Amino acid sequence: PAPAPAPSGGGTAPPSEYLCSITQEVMRDPVSTADGHTYERDAIERWLRTRRTSPMTGATLSSRALIPNLALRKLCREWAARNPPTPNTENRSGD
């Protein structure tokens, strides 16, 4: 079957690895937590303000340190450049 249209791209769904499990959007600034899972920086920073657990596993994180995932950031940016938003898929906050 053909890939489903993506909400943030020009017709091709992004690989699931490019999506933040908190926001379900393509990551722009992916960072990894102590347990090795990767999230959008803003989303995981909000999560960690009130919790010390992993959003993926629920386990207590040994550290709140966030490590930039540079390889994934490059892949996400390349995907976004190949799949720019269209007027039908842009997230319009006024609607």
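Before any of the text, the structure's been laid out above.
Conventions used here
Residues numbered from 1 in each chain as written. Predicted model: local features only at pLDDT ≥ 70, side-chain atom pairs only at ≥ 80, totals over all residues. Heavy atoms only, no water. Helix = DSSP H or I, 4+ residues; strand = E, 2+ residues; numbered from the N terminus. Buried < 20%, exposed > 50% of the residue type's maximum accessible area, 1.4 Å probe, protein only. Areas by Shrake-Rupley, 256 points an atom, 1.4 Å probe, with all protein chains shown as cover. Pairing = 2+ DSSP bridges. Contact = heavy atoms within 4.5 Å. Axes fitted to C-alpha atoms, helices over the stretch in contact; angles between N-to-C directions.

Engineer: Help me understand the overall build of the protein, please; the structure alone is not making it clear to me.
Structural biologist: A tally of helices and strands in the protein yields 2 helices and 3 strands. Mapped in sequence order, the helices and strands of the protein form the string β-β-α-β-α. Within the protein, the fraction of its 95 residues that count as buried is 24%. Taken as a whole, the protein presents about 6,300 Å² of accessible surface, with 53% of it coming from carbon and sulfur.

Engineer: How should the sheet that holds strand β2 (residues 38–40) be read in this particular structure?
Structural biologist: The pairing of strands in a sheet happens through backbone hydrogen bonds and is either parallel or antiparallel. Ordered in space as β2-β1-β3, the 3 strands form an open sheet in which the pairing is antiparallel. The sheet is open, and its two edges are formed by β2 and β3 (67–68), each paired on a single side. Of the strand pairs in this sheet, strand β1 (residues 30–32) and β2 are connected by 3 bridges, and their pairing is antiparallel. When the sheet's bridge partners are listed, serine 32 is paired in β2 with threonine 38. Here helix α1 (residues 41–50) sits on the sheet in contact with β1, β2 and β3, set at roughly 100 degrees to β2.

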